[in-house]
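Below are the chains, spelled out letter by letter.
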Amino acid sequence: MKYGRPDSEFMKWKWKPDGCDLPVFNPAQFLELVRDKSLAFVGDSVARNQMQSLICLLSRVEYPIDESFTKDEQFKRWKYTTYNFTLATFWTPHLVKGQESDPNGPTKTGLFSLYLDELDETWTTQVEDFDYIILSGGHWFMRPMVFYENHKIVGCHFCQLPNVTDLGMYYGYRRAMRTAMKAINGLKNYKGVTYLRTFAPSHFEGGLWNQGGNCVRTAPFRSNETLLEGPNMEFYMTQVEEFRNAEKEARKRGLKFRLLDTTQAMLLRPDGHPSRFGHWPNENVTLYNDCVHWCLPGPIDTWNDFLLEMIKTERLRSAAESLQFSDRKLLVR
């Protein structure tokens with residue numbers, strides 16, 4: 001897990017949406033709501049970051065036991081035995097089937113082959129029995145990629161290969177999001193609730209992530225100090241548009257898709273990243289400043305505040321629907 005800067009001011013801030021009293025996360029209440037249930041985070045390391053936040057928040061009540069099926073740290077499964085609650089994370093940086101085809105690539109950050117119409121079975125074969133799925137992704141689509149559809153190259157993003165059309169990263173992202181949500185809608189026995197967690201902006205200043213960029217602010221932006229624009233806007237709008245289409249299909253099957261919208265809130269929090277403290281001091285890594293992930297405790301904890309309120313709302317909605325159904329049966333009789 002990543003821990004915050006001990007001298008930082010950001011831990012003193014608590015998010016409060018306009019016109020909304022967002023309660024402080026109640027771990028006991030959360031665990032009661034998810035008793036005998038299971039929740040899966042599906043996505044990249046930012047998805048895992050949210051899982052780590054949730055584990056930390058719940059630790060005031062109970063520590064889980066590790067029930068992972070593998071030693072691979074990208075695929076973790078935890079069990080809260082008192083509540084019979086399972087929490088899991090599935091690593092899928094591009095959401096669809098993909099592989100690194102060149103470890104160097106044109107930007108020295110790898111070149112990836114993405115099969116935009118094919119499932120990533122490392123997660124799609126594992127989530128059918130979960131009660132909640134939290135789907136997310138985005139940052140990996142900024143790297144060079146070659147796009148395949150119907151087993152043929154259709155284009156790329158900054159691949160610099162001869163005779164391959166550069167379609168841009170949003171082409172691949174839109175189709176990957178579409179395939180991922182279609183996969184969930186197509187799960188034969190899935191009866192759960194799917195939350196699409198929207199894109200979390202990074203806050204590199206003074207350069208790109210691999211060109212000296214850093215995030216050293218110690219206070220949030222005011223709402224009039226920044227705008228949702230550029231790549232952040234494009235990723236967000238792509239997600240929302242694909243979500244709306246998937247949600248319509250889900251309703252036909254009686255499935256539930258919900259939007260866990262964190263983008264605008266996180267846009268205002270440049271103070272919440274680990275910066276140069278994103279790795280343990282003894283780790284032998286090339287140290288880029290980490291302005292993508294979030295410190296713990298920190299702004300990312302708000303995502304789980306949102307999640308708790310949404311699960312509570314879902315419970316109330318389900319209870320109301322069940323009551324209406326019972327009333328209709330009585331009327332029919």
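Looking at an unreviewed UniProt entry, one finds the chain named Trichome birefringence-like C-terminal domain-containing protein, with Cannabis sativa as its source organism. Database annotation for the chain, UniProt heading Sequence similarities (unreviewed entry): "Belongs to the PC-esterase family. TBL subfamily."

Novice: I'd like a description of the environment of Asn-304, backed by residues and values.
Specialist: Tracing the sequence through the fold places Asn-304 in helix α7 (residues 301-332). Asn-304 has contacts with Phe-25, Gln-50, Ser-53, Leu-54 and Leu-57, leaving out every residue within four places of it along the chain. Engagement of the side chain of Asn-304 in a polar contact is seen with the side chain of Ser-53, the distance being 3.0 Å.

Novice: Provide a residue-level description of the pairing of strand β10 (residues 193-197), including the pertinent values.
Specialist: Within a regular strand, the side chains alternate between the two sheet faces. Taking burial as the measure, the 5 residues of β10 include 5 buried ones, the bulk of the element. What you see with β10 is no split at all: Val-193, Tyr-195 and Arg-197 on one side and Thr-194 and Leu-196 on the other are buried throughout. As paired strands, strand β7 (residues 132-135) and β10 are joined by 4 bridges and run parallel to one another. In the strand pairing of β10, Leu-135 is matched with Leu-196. Here β10 runs beside strand β11 (residues 256-260); their pairing, made up of 5 bridges, is parallel.

Novice: A description of helix α5 (residues 230-253) should follow, citing residues and the corresponding values.
Specialist: Helix length check: α5, at 24 residues, gives a terminal C-alpha distance of 35 Å against a target of 34 Å (1.5 Å per residue), a fit within 8%. Turning to α5, its buried residues number three or more, namely Asn-232, Phe-235, Tyr-236, Thr-238, Gln-239, Val-240, Glu-242, Phe-243, Ala-246, Glu-247 and Ala-250. Considering only its buried residues, α5 is in contact with α4 (169-185), β10, β11 and α6 (263-267).

Novice: So, the pattern of salt bridges: which residues are in play, and what are the values?
Specialist: In the structure shown here, the tally under the stated rule is 16 salt bridges. Glu-314 is the salt-bridge partner of Lys-256, the closest N and O atoms lying 3.7 Å from each other. Highlighted residues: Lys-256 in strand β11 and Glu-314 in helix α7, separated in sequence by 58 residues. Since its relative accessible area comes to 6%, Glu-314 is described here as buried.

Novice: Describe in detail a nonpolar patch on the surface, supporting the description with residues and values.
Specialist: A grouping of Leu-208, Trp-209 and Tyr-288 is seen on the molecular surface, where their side chains present a nonpolar patch of about 290 Å² in accessible area. Turning to its location among the elements, Trp-209 is positioned in the loop between β10 and α5.

Novice: Please set out the state of the cysteines residue by residue, giving values where relevant.
Specialist: Disulfides are covalent bonds that link the sulfur atoms of two cysteine residues. What the rule picks out here adds up to 2 disulfides. Paired through a disulfide, Cys-156 and Cys-159 show a sulfur-sulfur distance of 2.2 Å. Here the S-S torsion is close to -70°, and the disulfide linking Cys-156 with Cys-159 is therefore left-handed. When sorted by exposure, Cys-156 lands in the same class as Cys-159, which is buried. Bridging Cys-215 to Cys-291, the disulfide has an S-S length of 2.1 Å. Because the torsion about its S-S bond is -95°, the bridge between Cys-215 and Cys-291 counts as left-handed. Here Cys-215, found in the loop between β10 and α5, pairs with Cys-291, found in the loop between α6 and α7; they are 76 residues apart in sequence, far enough to count as distant. Considered together, Cys-215 and Cys-291 belong to a single accessibility category, that of buried residues.

Novice: Any chance you could break down the sheet that holds β7 for me, citing the residues and the numbers?
Specialist: The sheet built from 7 strands is open, its strands ordered β2-β3-β4-β1-β7-β10-β11 with mixed pairing. Two strands close off the open sheet at either side, each with one partner strand: β2 (65-66) and β11. As judged from the 2 bridges shared by β2 and strand β3 (residues 75-80), these two strands associate in the antiparallel manner. Within the sheet, the bridge partner assigned to Asp-66 lies in β3 and is Trp-78. Helix α2 (residues 45-58) contacts β1 (38-43), β3, β4 (85-91), β7, β10 and β11 of the sheet and is inclined by roughly 155° relative to β4. Of the strands in this sheet, β7, β10 and β11 are in contact with α4, which crosses β7 at around 175°.

Calculation notes
- Residues numbered from 1 in each chain as written.
- Predicted model: local features only at pLDDT ≥ 70, side-chain atom pairs only at ≥ 80, totals over all residues.
- Heavy atoms only, no water.
- UniProt positions renumbered as here; feature names shortened; annotations may be inferred.
- Helix = DSSP H or I, 4+ residues; strand = E, 2+ residues; numbered from the N terminus.
- Contact = heavy atoms within 4.5 Å.
- Polar contact = N/O pair within 3.5 Å; in protein donor to acceptor, adjacent residues only side chain to side chain.
- Buried < 20%, exposed > 50% of the residue type's maximum accessible area, 1.4 Å probe, protein only.
- Pairing = 2+ DSSP bridges.
- Expected span 1.5 Å × (residues − 1).
- Salt bridge = Lys/Arg side-chain N within 4 Å of Asp/Glu carboxyl O.
- Patch = residues over 30% accessible without salt bridge, like charges linked within 9 Å, V, L, I, M, F, W, Y side chains within 5 Å.
- Areas by Shrake-Rupley, 256 points an atom, 1.4 Å probe, with all protein chains shown as cover.
- Disulfide = S-S within 2.5 Å.
- Axes fitted to C-alpha atoms, helices over the stretch in contact; angles between N-to-C directions.

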